[in-house]
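Descriptive structure summary
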Amino acid sequence: MKTVDDFNYNNQKVLVRVDFNVPLDEKYNVTDNTRIVMAKPTIEKILKDGGSVILMSHLGRPKGPDEKFSLKHIIPEVEKVLGKRIIFSPEIIGPEVKKKAGSIKKGEVMLLENLRFDPREKKGDVAFARELAALADAYVNDAFGTAHRAHASTTVVARFFPGKKAAGYLLANEVKNIKKALEEGEHPITAIIGGAKVSSKLGVIKNLMDKVDNLIIVGGMAYTFLKALGKQTGKSLVEDDLIDEAKNLMKYAKEKGVDLVLPVDFIVADDFSPGANTKIVDADHIPEEWMGLDIGPETINLLDKVIKQSKTIIWNGPAGVFEWDAFSKGTRSIAQSIAEATNQGAFSLVGGGDSVAAVKKYGLQDKISYISTGGGAMLEMLEGKDLPAIKALED
Ligand code: AMP
């Protein structure tokens, strides 16, 4: 896969797919500009070479043209981050856009309206992609967050730029760091997989089984494994239809010599609410009317030991309902253990909206080796899948 460093963009118009899907408040102020900041080095490289940039992105999930999701709202923030004026095109394709794109000069940046205002974007429509491609001389994809989608702007458009397509710095960095952990990671490798359901991360768990030494299962998904072991899980989240699958996974782990680590104690609650009554119980004694909403102190100690003995750590998904203080300690402790292990020389990779939010909430973002910006895209890479947008850059 070529990156922007393999090209000189002097006198070139470059169509750059970015992920400017940023959160906005009710007055349309950007509340977290991380994604814009992350795209800046790629945009600057093209401009420094003497090129011009045509930015394209989606924002939210509009059903069609919808003022609420217009990318015009983010122009002030993009201008602030890039330190230059943005030429906005209220249309995505058509004669007006072509005229505008044709007249942009060296060093200028143009932004197209929200790609998802046109239903052909998500359908991966070839004619739509061709029209986008006609705006520029070269294509760069720096939107890792949508790299698992075969949409017109992320994947299909690449075919119109043979020999002139490249990954931006952010996308290239994401791929490099995920591969570093998954394929070149120093052993022992530990993966911590949490979150609500086994079903959403089954593929990830299976693929990791072939790569890691320790696989820690926390969060809501742990209870399906406990039930598969014949334990009482009370009112905890259990996916009954996956109990056999959980049994198979535990058997496979044994065959592979993977240490599958499950929680040994929990904080249980008598209600799914932030103010519920709570108590600590061991994994064999979840009372009938109670539900596990976080890992307990013994588990925290156990995981700390496993994490600190690791040379490579991959984390995706919270250990409990960390949004509520009463059940956030497990997730916080995992973040802290990973930060300490990283400080001792381990390589750590954290991804997924909740885990990244937790790391940021506890001020540990600078103590992790690499924080992935793509939840779904990272999970698909951990599943061992080829991401369509990345494949399209390689073809
Ligand atoms: P996911 O999107 O699959 O990574 O799941 C994240 C969600 O899982 C978060 O909103 C957590 O609150 C939730 N979660 C974590 N642990 C539990 C649990 N023990 N019971 C119910 N939900 C949980």
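See the structure shown above.
What counts, and at which threshold
- Residues numbered from 1 in each chain as written.
- Predicted model: local features only at pLDDT ≥ 70, side-chain atom pairs only at ≥ 80, totals over all residues.
- Heavy atoms only, no water.
- Helix = DSSP H or I, 4+ residues; strand = E, 2+ residues; numbered from the N terminus.
- Rg over C-alpha atoms; globule rule 2.2 N^0.38 Å.
- Buried < 20%, exposed > 50% of the residue type's maximum accessible area, 1.4 Å probe, protein only.
- Contact = heavy atoms within 4.5 Å.
- Areas by Shrake-Rupley, 256 points an atom, 1.4 Å probe, with all protein chains shown as cover.
- Lys, Arg positive; Asp, Glu negative; His and termini not counted.
- Charge placed at Lys NZ, Arg CZ, Asp CG, Glu CD.
- Polar contact = N/O pair within 3.5 Å; in protein donor to acceptor, adjacent residues only side chain to side chain.
- Pairing = 2+ DSSP bridges.
- Axes fitted to C-alpha atoms, helices over the stretch in contact; angles between N-to-C directions.
- Salt bridge = Lys/Arg side-chain N within 4 Å of Asp/Glu carboxyl O.
- Right-handed = clockwise from strand over helix to strand, strands pointing away.

1. Considerations on the overall build of the chain
Along the backbone of the chain there are 14 helices and 15 strands. Taking 21 Å as the expected radius of gyration for a compact globule of 395 residues, we find that the chain reaches 23 Å, a close match to that expectation. When burial is assessed residue by residue, the chain has 57% of its 395 residues classed as buried. Nonlocal contacts in the chain, meaning residues at least 24 apart in sequence, comprise 73% of its contacts between residues at least 6 apart. Working note: accessible area of the chain is about 17000 Å², and carbon and sulfur atoms make up 47% of it. Of the charged side chains in the chain, 54 are positive and 55 negative; the average position of the first set lies 6 Å away from that of the second.

2. What to know about the environment of Lys45
For Lys45, the position within the fold is in helix H1 (residues 34-49). When neighbours within four sequence positions are excluded, Lys45 is seen to be in contact with Val4, Asp5, Phe7 and Tyr169. Of the polar contacts made by the side chain of Lys45, one reaches the backbone oxygen of Val4; its length is 3.5 Å.

3. What to know about the sheet that holds strand S1 (residues 13-17)
The parallel open sheet is built from six strands, whose spatial order is S3-S4-S2-S1-S5-S6. The open sheet has two edge strands, strand S3 (86-89) and strand S6 (165-167), and neither has a second partner. Strand after strand, the sheet turns through a mean of 25 degrees between neighbouring axes, direction not considered. Examined bridge by bridge, S3 and strand S4 (residues 109-112) share four bridges and lie parallel to one another. Bridge assignment links Ile86 to a residue of S4, and that residue is Val109.

4. Let's talk about the pattern of salt bridges
Overall, the coordinates contain 17 salt bridges when judged by the stated rule. A salt bridge links Arg35 to Asp19, with the nearest nitrogen and oxygen atoms 3.4 Å apart. Taken together, the positions of Arg35 in helix H1 and Asp19 in the loop between S1 and H1 put the pair 16 residues apart, joining distant regions of the chain. Exposure remark for Arg35: the relative accessible area of 29% places this residue in the partly exposed category. The class for Asp19 is buried, based on a relative accessible area of 9%. A salt bridge links Lys68 to Asp66, with the shortest nitrogen-to-oxygen separation between them at 3.9 Å. Using a relative accessible area of 23% as the deciding quantity, one classes Asp66 as partly exposed. Where salt bridges share partners, they join Asp304, Lys308 and Glu340 into one cluster.

5. Points about the pairing of strand S8 (residues 214-217)
Burial of S8 is two-sided: the residues Asn214 and Ile216 facing one way and the residues Leu215 and Ile217 facing the other way are all buried. Viewed along the sheet, the connection from strand S7 (residues 189-193) through helix H7 (residues 202-209) into S8 turns out right-handed. In this sheet, strand S9 (residues 259-261) lies alongside S8 in parallel orientation, the contact comprising three bridges. In the strand pairing of S9, Asn214 is matched with Asp259.

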